[in-house]
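The primary structure of each chain is shown beneath.
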Amino acid sequence: MLLLELFTVVAKKFLTDLKVKEYEAKKPAEPKVEAPKAEAKPAAVITGNTVNAPLPGRIIEVLVKVGDQVKADDEVVILEAMKMENSITTDYAGTVKQILVKPGEIVPTDAVLVEVE
């Protein structure tokens, strides 16, 4: 309970992962069926300005959608790093062309988060 009160986002993920592991451990073993290998997703072509992650962390929320108009210093992503939520802002005005991350994804430093054109 203390963990939930102090670090809500972290505790929720931790407890959910714990429940999933418990469920998987109790589930009877199923015969393995080999799935066809998925083709690698082609890398997104970036032609506009990008908003990059200033430090490694986990994406909590994406605040924009493709096609949204943004101004300089608008918040576009909430990034959790070192148990702190950081608002990532854009340095550019324009239209959001593509979003390259999704909530829950772990990103390294300088990872491209959003493209603004």
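Residues numbered from 1 in each chain as written. Predicted model: local features only at pLDDT ≥ 70, side-chain atom pairs only at ≥ 80, totals over all residues. Heavy atoms only, no water.

Now for the confidence of the model for the chain. Where the model shows low pLDDT, its predicted coordinates should not be examined in detail. Averaged over every residue, the pLDDT of the chain is 82; residues scoring 70 or more account for 85%. For the chain, helix α1 (residues 2–6) is the element with the lowest average pLDDT, namely 72, and strand β3 (residues 69–70) is the one with the highest, namely 93. A low-confidence stretch, residues 37–42 (pLDDT under 50), is modelled with 0 contacts involving residues beyond four sequence positions or located in other chains. (pLDDT = per-residue confidence, 0-100. Helix = DSSP H or I, 4+ residues; strand = E, 2+ residues; numbered from the N terminus. Contact = heavy atoms within 4.5 Å.)

Looking now at the pattern of salt bridges. Applying the stated criterion to the full structure yields 4 salt bridges. For D17, the salt bridge goes to K13, with nearest N and O atoms at 3.1 Å. Pair noted here: D17 and K13 are both in helix α2 (residues 8–26), with a separation of 4 residues, about one helical turn. For K13, a relative accessible area of 37% translates into the label partly exposed. Put simply, E117 and K97 hold a salt bridge, and the shortest N to O gap is 3.6 Å. Remark: K97 occurs in strand β6 (residues 94–99) and E117 occurs in the segment after β8 (112–116); sequence separation between them is 20 residues. Under the relative-accessibility criterion, E117 is labelled exposed at 53%. Classification of K97 as partly exposed rests on a relative accessible area of 32%. Several salt bridges converge on common partners, so that one network encompasses K97, E115 and E117. (Salt bridge = Lys/Arg side-chain N within 4 Å of Asp/Glu carboxyl O. Buried < 20%, exposed > 50% of the residue type's maximum accessible area, 1.4 Å probe, protein only.)

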